[in-house]
Amino acid sequence: MLEIKRRKTSVVFVGKVPVGGEHPVAVQSMTNTDTRDAAATLAQVKALAAAGCEIVRVAVPDEAAAAALAEICAGSPVPIIADIHFDHRLAIMAAENGAAGLRINPGNIGSRAKVREVVAAAKDRGLCIRVGVNAGSLEKGLVEKFGGPTAGAMVESALGHIDFIRSLDFHNMKVSLKASGVLKTIEAHRLLAQRTDLPFHVGLTEAGTPVTGAVKSAVGLGILFFEGMGDTVRVSLSGDPIPEVRTAYTILRALGIRRRGPDIIACPTCGRTEMDAAGLALKVEEAVRNMTAPLTIAVMGCVVNGPGEAREADLGVAGGRGTGILFKRGNVVAKFAESELYDRLMAEIEALEREYIRTS
Ligand code: SF4
């Protein structure tokens, strides 16, 4: 059996959430509301937390957004990271207003004196800093030296800032390297892993629309995780951020790194299908999306592979002609008419979810 050997890193804290070392890969997302609208942003933060998001980042483009952080951070069930570009004063305001972490971009935060001020504010309040290097906004000198925004240039940018921040005796820090291409992202992470033990925040920038972005992220992040790299993750998808959280867990689950909530196994359906297996699988997937029990639920269209898969799962359905046999942990519960199947299956799922919550 293949085993993923996690890269050895230091452990840092974003609020109460540990990142790195042996700690579970923490799932992040980012709000897409106007941060100045504290109520709307807080509502989205809470929705993300309910979906299993453990750290939420918010954009802080101006002073009004930095001011709104006070209300957002006070009401948030999870640590908030302030995403800062260009203006170091916003980072200091964010620290004062309750952010648990600051994401700064070495390519645009400005002089060392400014970084020094940000670090002092973070140190005073026990914040985490992410050095977030982006291939699209590297320091000019490095781009010239390396002949472009190469993986080497990204790593040198990251290390320059890491070393400087460490020289200020600040160590609660993680690092990210974002390039839009999968191969460059992997190359940069491999290089940086040889040079630092800081935890990695991983993600592909501008991954894309929901399907394209999920596929690109699964490929890129899947390789990084398989190589043991990645201590906190954000999947970037355009639009509603909730699917980012689900996609992140799906990637982690596929590699056996983390389990949260049910895993739905659905057959692709074919000419043998005599009940709406695909419709049932989608309906169940939607209904269980905020559940936490790590169940396997199989929805299979016929008796060829159906009973085998359904028996192996915690709960399974093997379809027949307008009917389905419901299995629970290897045993047949009963055969039901198709019209009853959804309710019967959901009743069993809900019972297992309650049991899981009671015992965990
Ligand atoms: S389980 Fe049955 S219906 Fe589903 S793809 Fe396989 S053969 Fe077709």
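Computed from a predicted structure; not experimentally measured. (Residues numbered from 1 in each chain as written. Predicted model: local features only at pLDDT ≥ 70, side-chain atom pairs only at ≥ 80, totals over all residues. Heavy atoms only, no water.)

### Focus: the overall build of the chain
Here's step 1: For the chain, the count of helices and strands is twelve helices and 15 strands.
Here's step 2: For the chain, whose C-alpha radius of gyration is 23 Å, the value lies close to the compact-globule estimate of 21 Å for 360 residues.
Here's step 3: Taken along its principal axes, the extent of the C-alpha atoms in the chain is 70 × 40 × 35 Å.
Here's step 4: Buried positions account for 51% of the 360 residues belonging to the chain.
Here's step 5: Considering only intrachain contacts with a sequence separation of at least 6, the fraction spanning at least 24 residues in the chain is 64%.
Here's step 6: Within the structure as shown, the chain displays about 15800 Å² of accessible surface, and the carbon and sulfur contribution to it stands at 53%.
Here's step 7: Separation between the mean location of the 42 positive side-chain charges and that of the 40 negative ones in the chain comes to 3 Å. (Helix = DSSP H or I, 4+ residues; strand = E, 2+ residues; numbered from the N terminus. Rg over C-alpha atoms; globule rule 2.2 N^0.38 Å. Buried < 20%, exposed > 50% of the residue type's maximum accessible area, 1.4 Å probe, protein only. Contact = heavy atoms within 4.5 Å. Areas by Shrake-Rupley, 256 points an atom, 1.4 Å probe, with all protein chains shown as cover. Lys, Arg positive; Asp, Glu negative; His and termini not counted. Charge placed at Lys NZ, Arg CZ, Asp CG, Glu CD.)

### A look at the domain arrangement of the chain
Here's step 1: On domain assignment, one finds that the chain holds domain 1 (12-254) and domain 2 (263-359).
Here's step 2: Taken over C-alpha atoms, the centre of domain 1 sits 38 Å from the centre of domain 2. (Domains from an automatic or database assignment.)

### A look at unusual backbone geometry
Here's step 1: Unlike most non-glycine residues, aspartate 169 shows phi in positive territory, near 60°.
Here's step 2: By secondary structure assignment, the location of aspartate 169 is in the loop between helix H6 (151-167) and strand E8 (173-178).
Here's step 3: Positive phi outside glycine occurs at arginine 329, with the angle close to 45°.
Here's step 4: The partly exposed category is assigned to arginine 329, whose relative accessible area is 44%.

### Regarding the sheet that holds strand E13 (residues 315-319)
Here's step 1: Taken together, the five strands give an open sheet; going across it, the order is E11-E12-E13-E14-E15, and neighbouring strands pair in mixed fashion. At either margin of the open sheet sits one strand with a lone partner, and together these are strand E11 (263-266) and strand E15 (331-337). Neighbour-to-neighbour, the strand axes of this sheet turn through a mean angle of 20°, independent of strand direction.
Here's step 2: Against the sheet, helix H12 (residues 338-359) touches strand E12 (296-300), E13, strand E14 (323-328) and E15, its axis set at about 145° to E15. (Pairing = 2+ DSSP bridges. Axes fitted to C-alpha atoms, helices over the stretch in contact; angles between N-to-C directions.)

### Considerations on the pairing of E14
Here's step 1: The pairing of E13 with E14 spans five bridges and is antiparallel. What sits directly across from leucine 315, in E14, is lysine 328.
Here's step 2: Between E13 and E14, which pair antiparallel one after the other, the connecting turn spans three residues, and glycine 322 there sits at a positive phi close to 65°.
Here's step 3: Here E14 pairs with E15 via six bridges, running antiparallel. When the bridges of E15 are listed, phenylalanine 327 appears paired with valine 332.

### Observations regarding the packing of aromatic side chains
Here's step 1: Scanning all chains against the criterion turns up zero aromatic pairs.
Here's step 2: Positioned over the ring face of phenylalanine 200 is arginine 7, at 3.7 Å from the centre of the ring.
Here's step 3: Above the plane of the ring of tyrosine 249 lies arginine 260, whose end atom (NZ or CZ) is 5.8 Å from the centre. (Phe/Tyr/Trp six-rings, centres within 6.5 Å; stacked < 30°, edge-to-face > 60°. Lys NZ or Arg CZ within 6 Å of the ring centre and 35° of its normal.)

### Some thoughts on the side chain of threonine 41
Here's step 1: With respect to the element layout, threonine 41 can be found in helix H1 (residues 38-50).
Here's step 2: Overall, threonine 41 belongs to the buried group, its relative accessible area being 0%.
Here's step 3: Among all residues touching threonine 41, those that are not within four sequence positions of it are Thr31, Thr33, Asp34, Thr35, Val58 and Ile72.

### Notes on the nonpolar core
Here's step 1: Membership of the largest hydrophobic core comes to 76 residues, with the highest contact counts inside it found for Val60, Ile84, Leu221 and Val233.
Here's step 2: The element best represented in this core is H6, accounting for nine residues.
Here's step 3: Residues in contact with leucine 221, not counting those within four places in the same chain, are Val202, Gly203, Leu204, Val233, Arg234, Val235 and Ile251.
Here's step 4: Of all hydrophobic cores here, the second largest spans 21 residues; its members include Met275, Val284, Val288 and Ile297. (Core = buried A, V, L, I, M, F, W, Y, C linked by side-chain atoms within 4.5 Å.)

### Concerning helix H10 (residues 277-287)
Here's step 1: Residues Ala277, Leu280, Ala281 and Val284 constitute the buried set of H10. The buried residues of H10 occupy an angular sector of 100° when projected down its axis, which confines them to one face. (Arc of directions from axis to C-beta.)

### Remarks on the site of the ligand
Here's step 1: All residues adjacent to the ligand are Cys267, Pro268, Thr269, Cys270, Arg272, Thr273, Gly301, Cys302, Val304 and Asn305.
Here's step 2: When grouped by side-chain class, the residues that make up the shell around the ligand number five nonpolar, four polar and one charged. (Near = heavy atom within 4 Å. Nonpolar A, V, L, I, M, F, W, Y, C, P; charged D, E, K, R; others polar.)

### A word on the packing of helix H8 (residues 210-226) against helix H9 (residues 242-254)
Here's step 1: In the contact formed by H8 and H9, the axes pass within 10 Å of each other and the chain directions differ by 45°. Compared by their axis directions, H8 and H9 come out oblique. Every pair of crossing elements has a handedness; the one defined by H8 and H9 is right-handed. Counted together, Ala214, Ser217, Ala218, Leu221, Gly222 and Phe225 of H8 and Thr247, Ile251 and Leu252 of H9 form the full contact between these two elements.
Here's step 2: Its residues assigned to classes, the contact of H8 with H9 shows six nonpolar, three polar and no charged. (Parallel < 35°, antiparallel > 145°, perpendicular 65-115°, else oblique. Left-handed = near helix turned anticlockwise from the far one by under 90°.)

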